[in-house]
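Secondary and tertiary structure notes
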Amino acid sequence: NTAGADGALSVEVKRGVFKFANSSAGDLIAQADAGADCYIVDDQTVAKTSATNTRSIAGKIVAVDSDGVWVNLSL
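Note that this is a predicted model, so its numbers are computed, not measured.

Counted by the stated rule, this structure contains 5 salt bridges. Across the pair lysine 19 and aspartate 65 runs a salt bridge whose closest N-O atoms are separated by 3.3 Å. With a gap of 46 residues between them, lysine 19 in strand S1 (residues 17-22) and aspartate 65 in strand S4 (residues 57-65) connect regions that are remote in the sequence. By relative accessible area, which is 32% here, lysine 19 ends up partly exposed. Lysine 60 serves as the salt-bridge partner of aspartate 37, at 3.0 Å between the closest nitrogen and oxygen. Placement of the pair is aspartate 37 in strand S2 (residues 37-40) and lysine 60 in strand S4, with a sequence separation of 23 residues. Taken together, the salt bridges that share partners define one network made up of Lys19, Asp65 and Asp67.

Before going further, it helps to examine the sheet that holds S1. What holds strands together in a sheet is hydrogen bonding between their backbones, with the strands either parallel or antiparallel. Around the barrel, 5 strands lie side by side as S1-S3-S2-S4-S5; this closed barrel has mixed pairing. Ignoring which end each strand starts from, the neighbouring axes of this sheet average 55° apart. In terms of strand pairing, S2 meets S4 through 3 bridges, oriented antiparallel. Its bridge partner lying in S4, aspartate 37 is registered against lysine 60.

On to the nonpolar core, then. If you look at the biggest cluster of nonpolar residues, it comprises 8 residues: Phe20, Ile29, Cys38, Val46, Ala58, Ile61, Val69 and Val71. Breaking this core down by element, the ones donating at least two residues are S4 and strand S5 (68-72).

What follows is about the pairing of S2. Two elements, S2 and strand S3 (residues 45-47), share 2 bridges in a ladder whose sense is antiparallel. Along S3, the bridge assignment pairs isoleucine 40 with valine 46. Counting the residues in the hairpin turn of S2 and S3 gives 4 residues.

So, how was this worked out
- Residues numbered from 1 in each chain as written.
- Predicted model: local features only at pLDDT ≥ 70, side-chain atom pairs only at ≥ 80, totals over all residues.
- Heavy atoms only, no water.
- Salt bridge = Lys/Arg side-chain N within 4 Å of Asp/Glu carboxyl O.
- Helix = DSSP H or I, 4+ residues; strand = E, 2+ residues; numbered from the N terminus.
- Buried < 20%, exposed > 50% of the residue type's maximum accessible area, 1.4 Å probe, protein only.
- Pairing = 2+ DSSP bridges.
- Axes fitted to C-alpha atoms, helices over the stretch in contact; angles between N-to-C directions.
- Core = buried A, V, L, I, M, F, W, Y, C linked by side-chain atoms within 4.5 Å.

Written out as structure tokens, the structure is:
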């Protein structure tokens, strides 16, 4: 809602642990990052960094496997 008023839109949020696609290059999340925050890239991808505070926190990294990152959205 970049051009809209504050509070003009709302979204439904589900709590739990969900799998997201892993980012790439310098933002790739590794198993060693478990327990740290990860950040929203888009509706299906998370990254290791906030890109200089331009990304919101998605949740805590639970685990990383070959096809994604498990993130706890129960913040």
